[in-house]
Structures are given as structure tokens and as C-alpha cells.
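# Coordinate inspection notes
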Amino acid sequence: MGWGGANNTGAVTSEPLTTDPGVAENSFDAIVIGAGIFGCGITFELARRGLRVCAVDMNAGPGMGSTSSSGAIIRFSYSTVDGVRLAWEGNQYWERFAEYLETDEHRHGVAHKVLTGQIMLRTHEDLHQLYVRNLTEAGVPFAELTSAEVVAQHPYLTVADFGGPASPDDERFWAEPSGVIPGALFMPDCGYINDPQLAAQNLHTAAVAKGAAFCFGARVDELLLADDGASVAGVRLRAKGEKPATTIHAPIVVNVGGPWSSAVNKIAGLENSMTIQTRPMRHEAHLAPAPDGLDFEADGTIVGDLDQGMYFRPATGNNIFVGSTDPECDGHEWVEDMDNLNREVTEPIWSRQMMRVAKRVPGFGVPHTRQGLAEAYDVSTDWGPIYDRTDLDGFFVAIGTSGNQFKNACVASHLMGELITAVGNGHDHDADPLLVHGRFTGTPIDMGAFSRNRVVNADSTNSVMG
């Protein structure tokens, strides 16, 4: 059967609402769980296809979860060609973001891309060559720089080879450089989104303009099944105070729960049904002032530094935004209880990252005041996303973003819209993975590459970079 619907007038609300008097109370064509950058994007894409959509989120507004803590980096250095193609197509949305939203009703302005370019220091030759092959095949512009060219373009950097990531309590951290990094990969079209939370708010506004409804401050307690027990029928939201639980009905439910996604899959009884699994991991990102005399906001670039296990980019106010690529020496802080996640920036991680920056940027002075963000994101088995249907009919997932998919929010939302439409019209995506041509580049994107049951990517760096 098809899953089409009338495009009715929607609204923003703290409770679910009915937008068409002829439809049963709290009945929609689709429910989206999560209203971050992906949840708002998928809600928008479904609404613009004519579906009546209700997005639910436990936060008080759009983009207030892990989206607001994103580095929001636009980059193309992925370990699969499909990943590069997706990111390159996704970049086109950000280049045209205001136009893509199809509405001028943005009270707080529209988020935009800041073009900086990116250098990936040439620290792992096999990975460097893999990136070169993938970028070439995907048609993404790049250049290979020598170490002298890196320093000439960015004189605030040193290209010293520190022998790989180490913690400050390891004597290797303090050892003299073992040589010089032979160069870098330069991608001129990279950049970052100036305000990730605003981008989610923009998509929220665009979705509402298309008739979507949003229910904030609401947590999903139960997934409702149809009488056959094999397909989804809606969700039940947790009761608030003396108010009874609220039920919303829909034949489509999309799990876009971010770090909560594995918990939602468990509610659906699907926690062991996928080859690729997800679980939440705590992560910190930090903000520090640029060295005196360096206008890093204007002249800086995104630096990928696997030799130090970090990346950094310019930030508003002539600051440096610093993130970790989660090297093995740092360990992974898996989260067992999201309700008690520590969202404070911790001194040991702050100091470690600041000292790493000081090694790569010799003029950097380690600041005394800790600034930054601490959140969680859902990490998949091979750190690649899952954009797929599930074994439960009508239940879809856009999960496992692993801290590196913000850049793909718009294109992935389009993919999910195409997938949900195709499956609703009878397409067997498991047997015949959907091929979607990019809206802007025309690039064929094989959605099988983002399957829940794909072969684990052995070339994955198991790391994150914005």
C-alpha cells in the first residue's frame, strides 16, 4: 500500500494535535522520534512529500540535544566511496540551504556554511592513498601538499611527526619529534556550519511551513503494533504528572533518536536484529582562544591531525574549536545511563586536548579557563551511519551517525524520504537496495551502503571528525 497523505496545516505544540478535523485524534501518516538536525530534516522531507507528520522530542525545542554540541564540519575524507559521494552531495544542500528550506519565515536568521578548506595531515600512508582514490572516484576536488607547502600556507602549524597519539601520562607524549610529516591532503570546499542548533531550528520552521506538527518535552515509552504484530501502528508517550499517557497513531515511525536510538530500538524489540549495532558514547569538544597575533577565524583552516588524535577548526570570536578523533590511547566512554550523562567539561580531557593543540600550534598558550561542551552520540559498529528500514514493517531508522554525519543531515533526510516512499509503494529494499540519484549532483547513491545488515567496513578509522 502507499503511504501518501494530504498536506494539511501544521503547528508547533507541547502536545500532539490534530490538524484535520476529518482525521481521528492524534492520527498521522508518520511519526519521527527526535527533533535534532536529522529529525527536523526528515520531518521536513516527509512533509514536503505530502505526508502528515508529527515529530516528538524529549527536549524543549529543536536541535537542543547532541545537535547543539556538533562541530558541524563539512568534509569529504571518508573511507568509502559511498561515504564521500554522500558528503559531496550533502555539501550542495548547505551551499543552497536558504533556498532548500522553501520558506522565508526564519525569525532568527538562517544558518550558513563558512568556507575554510581542510588539510588532513599525511600521517597514515595507506589511509592517505585510500582518501585519494575515493575522492578521485567521487569527483571531489583535492590537492596533495608537501610539508613545505603546508607550512607556507599555514605558518602557525608545525609538521613535526610526534609518532602517533599518546596521553600526557605516557613518556612518548613528551618525546622529541621523530621526523617530519611528509605533507597533507587539501580539500578546498570544506568548511563548517556557523550555528548547528540554528540549522535544526531552520529545518523545524521549514517543516512546520509544510504542515508538520512537533511535540516537545515528550518521551516515547512504548511502540504500538498493528493487530498482525508485524508492523508498527504508533507510539505511546510517557505520562506527565497527573496527565495520562498520550498515544499517537501512524503506520510509519522513524527512529532518529541520536544517542537514545539504541534505547528506542530496544523498545521496538529490535536490539539484536541488525548486523550493525549502535550505542551511546560520551564525547567532549573544547573552545580556546587563538594565539596572539593570529586571526584564526579569518585565516585558519580545518586541521585533521591523526598524529595527535584530534581535529580543530576556526570558531566565532577568533577561537579554536577542538575535537577528538577518539584515538585508542584515550579510551571510549560508553554511556549506560543517558539520564545521568555528565555534561561538564572535565579537567583531564581538557588539559590533554589543549596540550595536543600546543604541540601542533607552537604559539598556542594553554588557557586556564575550561570552555566547551560534553554530550553523547550514537556510535555504530563501524562508525558509519544506518539509513534503512527494519525487520518491523513501517519502522525506519536514521541512526549510528557516530558524531560525523551532521554534514549529511539534509541529503540523508532526502534519502530517508525516498526510501520510506519506495517501501510504502512495495519496493523490497532488503532484496534490491534503493539507488537514489543526488538532487543536485545527480550522483547515484547506493542506500545499501548504509544498510543495517551491511558487511562491517574493515577500512573504517573508527574515529570521528566533526
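A short tour of the structure in this document, coming up. Quick caveat, the model's predicted, so the values are computed rather than measured.

### Overview of the side chain of N265
Structurally, N265 can be placed in helix α7 (residues 261-267). The exposure class assigned to N265 is buried, which follows from its relative accessible area of 4%. With near-sequence residues (within four places) excluded, N265 lies in contact with N255, L270, E271, M274, F395, V397 and I399.

### Remarks on helix α1 (residues 37-48)
Along its 12 residues, α1 runs 16 Å from first to last C-alpha, staying within 8% of the 16 Å computed at 1.5 Å per residue. In terms of residue burial, α1 counts as a mostly covered element, since 11 of its 12 residues are buried. Taken residue by residue, α1 has I37, F38, G39, C40, G41, I42, T43, F44, E45, L46 and A47 as its buried positions. Positioned one or two residues after α1, G50 has a phi angle of 95°, which is positive.

### Brief notes about the pairing of strand β22 (residues 372-380)
Burial analysis of β22 places seven of its nine residues in the buried class, the great majority of the element. Note: strand β17 (residues 278-289) against β22, nine bridges, orientation antiparallel. Bridging from a neighbouring strand, P280 pairs with D378 of β22.

### A closer look at the side chain of K407
With respect to the helices and strands, K407 occurs in the loop between β24 (395-399) and α10 (409-424). Buried within the structure, K407 lacks any salt-bridge partner; D378 is the closest side chain of opposite charge, at an N-O distance of 13 Å. A polar contact is formed between the side chain of K407 and the backbone oxygen of I73, at a distance of 3.5 Å.

### A few points about the sheet that holds strand β13 (residues 220-225)
Strand order in the open sheet formed by three strands is β13-β14-β15, with antiparallel pairing between adjacent strands. Every interior strand has two partners, whereas the edge strands, β13 and β15 (246-249), have only one. When strand polarity is set aside, the average angle formed by the axes of neighbouring strands in this sheet is 25°.

### Focus: the packing of aromatic side chains
Throughout the structure, instances matching the rule amount to 12 aromatic pairs. Judged by centre distance (4.8 Å) and plane angle (90°), the ring pair of Y93 and F440 falls under edge-to-face. Here the residue Y93 occupies a position in helix α2 (residues 81-95), and F440 occupies one in the loop between β25 (435-437) and β26 (444-446), the gap between them amounting to 347 residues. Between W94 and F406, the ring centres sit 5.6 Å apart and the planes meet at 10°, which makes this aromatic pair stacked.

### Some details on the environment of A245
Assignment of secondary structure puts A245 in the loop between β14 (232-237) and β15. The exposure class assigned to A245 is partly exposed, which follows from its relative accessible area of 37%. Taking the C-alpha atoms as reference, A245 lies 30 Å from N202; in sequence the two are 43 residues apart. For A245, the contacting residues outside a window of four places in its chain are R236, L237, R238 and A239.

### Section: the sheet that holds strand β5 (residues 113-115)
Consider a sheet: its strands pair through backbone hydrogen bonds, and that pairing is either parallel or antiparallel. If you trace the three strands from one edge of the open sheet to the other, you get β4-β11-β5, paired in antiparallel fashion. Every interior strand has two partners, whereas the edge strands, β4 (73-74) and β5, have only one. Across three bridges, the pairing between β5 and strand β11 (residues 191-193) is antiparallel. Residue pairing in the sheet places K113 in a bridge with I193 of β11. On the sheet, α2 packs against β4, β5 and β11 and is oriented at approximately 110° with respect to β5.

Parameters at a glance
Residues numbered from 1 in each chain as written. Predicted model: local features only at pLDDT ≥ 70, side-chain atom pairs only at ≥ 80, totals over all residues. Heavy atoms only, no water. Helix = DSSP H or I, 4+ residues; strand = E, 2+ residues; numbered from the N terminus. Buried < 20%, exposed > 50% of the residue type's maximum accessible area, 1.4 Å probe, protein only. Contact = heavy atoms within 4.5 Å. Expected span 1.5 Å × (residues − 1). Pairing = 2+ DSSP bridges. Lys, Arg positive; Asp, Glu negative; His and termini not counted. Salt bridge = Lys/Arg side-chain N within 4 Å of Asp/Glu carboxyl O. Polar contact = N/O pair within 3.5 Å; in protein donor to acceptor, adjacent residues only side chain to side chain. Axes fitted to C-alpha atoms, helices over the stretch in contact; angles between N-to-C directions. Phe/Tyr/Trp six-rings, centres within 6.5 Å; stacked < 30°, edge-to-face > 60°.

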